Amino acid sequence: MIPTNIVVCGGGNGSHATVASAGRFENIQVNVFTRKPQDWKQEIVGLTKGSPWESLGNFVGKINKVSNNPQDFNGAKLWIIGGPAHVHHEILQKIAPYVTKDSFVGTLFAQGGFEWMCRSVFGDRIKTDNITYFGLYNIPWLCKIFKYGESVRIIGPKTKLQCAISNLSRKEELFLLLENMFQIPVLQAPNFLTLTLTPSNQIIHPARVYAVFRNWDGKQVYQPNEVPTFYEDFDDFSAYMLQILDDEIQAIKREILKRYPQFNLDLIIPIKERIIQQYGDQVKDKSNLKTVFRTNAGYATIQIPTKPVQGGVQLNTEARIFWEDIPYGLCILKDLSEMLGLQTPGTDKMIEWHQKFMNKEYIQNSKLNRTLLKETGAPSKYGLDTLERVLGIQDVNQQNPKL
């Protein structure tokens, strides 16, 4: 049997874990497209100790080829992006000339408007070349690089995956391949908007970082032991801020359903319920939002990103918790809210606080700054500037039950 040729794009945590997982199997040939091919070994070890998969032992994923030139992977069956949302568009543009007919192109985490990016990059080729794009509702596991290009910690695997796909006639073929790669059951997500409106990290991170560093002046230096963990030390104020952001997402959902009640947004459920659903028995205390975070084994030991400076550490304002979560998370929610005429004081507050450290003004006077749209994942960037265009409804009076 000829193995299925796949390309893992990007060198982030998820890419490492994908290689470790999929590269274990003889029927999958794994390649890696990365800016730093010289830093990669010929296999990636997935460290499972302390995870629910510990009894399976470590995973050893073999790599066929590592390159910074996508031309080296011409003819691959599946391309999957593991990097953060703010680099997806750039990666899609680089690989597009080498994505051949009947290929799959997807991402581990389809937040940030992945569907809009694919339509923008591939255009008519989606139909003429039968290119099928897909995205997962959530990354298959919480994971963290242990040694770049060599090993990764697989901390918290999901119990099931949900996947949106552009061409339903190819669902069975794709889902079988994904289940082989990840060894987790794959179910169908109803549409891509569901994925865009379930931004786990992109609301969890801003709420938590603000709660911990809200009085930071950008200069204060901390000792490493003064910085709490991301989740195990989750406090009441973090939960309070997260609840505000989550409530604003639920308000977007309610307003869309008010106008188009048959549009399927069933998977956009409150964040507490969603985490319990995803992690199951890994969450020991399900009583409230704070305890769900503090007692989730899948979230154990994760640190808030810091950078070393003279005398200690500071919050790392160059990390994806700023450059993904704000322009490709909260700015999308803000754009949709403005289309719907909704007020978003919590989202506004988070964008305003974070943008101070990014030297950006994504919002001005509680309104999205249209001159910076091109630097965000907001739907208006792609010309999707009305709800009907976002939903793919041409006739405002038309209601499609399963868009």
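Per chain, residues are indexed from 1 in the order of the written sequence. With the structure being a predicted model, the display of local features is reserved for residues of pLDDT at least 70 and the display and counting of side-chain atom pairs for 80 or more, all residues being used for whole-chain, interface and lining totals. The side-chain values count all of the structure's non-hydrogen atoms but skip hydrogen atoms and water molecules.

Asker: So what exactly am I meant to see when it comes to the overall build of the protein chain here?
Answerer: Helical segments are the DSSP runs of H or I of at least four residues, strand segments are the runs of E of at least two, and each set is numbered from the N terminus. Counting secondary structure elements, the protein chain contains 14 helices and 16 strands. Here the C-alpha atoms of the protein chain give a radius of gyration of 21 Å, agreeing with the 22 Å that 2.2 N^0.38 yields for 403 residues. Seen through its C-alpha atoms, the protein chain measures out along the principal axes to roughly 60 × 55 × 40 Å. Across the 403 residues of the protein chain, 56% fall into the buried class. Residue contacts are defined here by distance: any two heavy atoms, one from each residue, within 4.5 Å place the two residues in contact. Within the protein chain, residue pairs in contact and separated by at least 24 positions form 72% of the contacts whose partners lie at least 6 positions apart. Between the two quantities, the radius of gyration covers C-alpha atoms and the globule rule is 2.2 Å times the number of residues to the power 0.38. Remark: exposure states derive from per-residue accessible area (1.4 Å probe, protein chains only) relative to the maximum for the residue type, with buried under 20%, exposed over 50%, and partly exposed in between.

Asker: How should I be thinking about empty space enclosed by the protein in this particular structure?
Answerer: To find the voids left in a structure, one rolls a probe of water-molecule size over its atoms. In this analysis, the protein atoms alone were mapped onto a 1 Å grid. Cavities are point sets where a 1.4 Å probe fits without being able to get out; pockets are open sets with protein on both sides within 12 Å along at least five of seven lines; lining residues have an atom within 4 Å of a point. Grid points are joined across faces, edges and corners, and a volume is the space filled by probe spheres set on the points. Inspection of every chain in the model, using the stated rule, returns two cavities of 30 Å³ or more. Quantified by volume, the largest cavity comes out at close to 80 Å³. In this structure, the largest cavity is lined by Tyr137, Asn138, Lys158, Lys160, Leu161, Gln162, Gln277 and Gln278. Among the secondary structure elements, those contributing two or more residues to the lining of the largest cavity are strand E11 (161–165) and helix H9 (271–279). Here the nonpolar group is Ala, Val, Leu, Ile, Met, Phe, Trp, Tyr, Cys and Pro; Asp, Glu, Lys and Arg are the charged ones; every other residue, Gly included, is treated as polar. Residue classes in the lining of the largest cavity are distributed as two nonpolar, four polar and two charged. When its volume is computed, the second largest cavity comes out at roughly 30 Å³. Contributing to the lining of the second largest cavity are Gln111, Gly112, Thr196, Pro199, Gln202, Tyr328, Gly329, Ile332 and Leu333. Looking at the lining of the second largest cavity, the element that brings in the most residues is helix H12 (residues 326–340), giving four residues. In terms of residue class, the lining of the second largest cavity is made up of four nonpolar, five polar and no charged.

Asker: Would you take a moment to explain the packing of helix H7 (residues 200–213) against H12 for this structure?
Answerer: Relative placement of two packed helices is described by the angle separating their axes and the distance separating the axes. Note on geometry: axes are C-alpha line fits, over the in-contact stretch for helices, and angles between N-to-C directions span 0 to 180 degrees. The N-to-C vectors of H7 and H12 enclose an angle of 100°; their axes lie 9 Å apart at closest approach. Considering their axes alone, H7 and H12 lie roughly perpendicular with respect to each other. Contacts between H7 and H12 involve Gln202, Ile203 and Pro206 from the former and Ile326, Tyr328, Gly329, Leu330 and Leu333 from the latter. Among the residues making up the contact of H7 with H12, the classes are represented as six nonpolar, two polar and no charged. Here the angle decides the label: under 35 degrees means roughly parallel, over 145 means roughly antiparallel, 65 to 115 means roughly perpendicular, and every other value means oblique.

Asker: Can you walk me through the pattern of salt bridges in this structure?
Answerer: If charged atoms from side chains of opposite charge come close, those side chains can pair. Salt bridges are counted wherever a side-chain nitrogen of Lys or Arg sits within 4 Å of a carboxyl oxygen of Asp or Glu. Using the criterion set out here, one finds 17 salt bridges in the structure. Between Lys334 and Asp348 there is a salt bridge whose closest N-O contact spans 2.9 Å. Taken as a pair, Lys334 in helix H12 and Asp348 in helix H13 (residues 345–355) lie far apart in primary sequence, 14 residues in all. Each member of the pair, Lys334 together with Asp348, is buried. Here Arg389 ties to Asp385 by a salt bridge, and the two come within 2.5 Å at their closest N and O atoms. On the basis of relative accessibility, which here comes to 45%, the residue Arg389 falls in the partly exposed class. Owing to a relative accessible area of 41%, Asp385 belongs among the partly exposed residues under this scheme.

Asker: Just checking my understanding: could you explain the sheet that holds strand E6 (residues 78–81) for this structure?
Answerer: Pairing between strands is defined by DSSP: at least two bridges between the two strands are required. The eight strands are arranged E5-E2-E1-E6-E7-E8-E11-E12 in an open sheet whose pairing can be described as mixed. Because the sheet does not close on itself, it has two edges, and the strands there are strand E5 (65–67) and strand E12 (186–188). Ignoring which end each strand starts from, the neighbouring axes of this sheet average 25° apart.

Asker: Explain unusual backbone geometry to me, please; I cannot follow it from the model alone.
Answerer: In terms of backbone geometry, most residues other than glycine have negative phi values and most peptide bonds are trans. Phi at Thr301 is positive, roughly 75°, even though this residue is not glycine. Along the chain, Thr301 falls in the loop between helix H10 (289–294) and strand E13 (306–309). Thr301 sits in the partly exposed class, given a relative accessible area of 37%. Look at Ser366: it is not a glycine, yet its phi comes out positive at around 65°.

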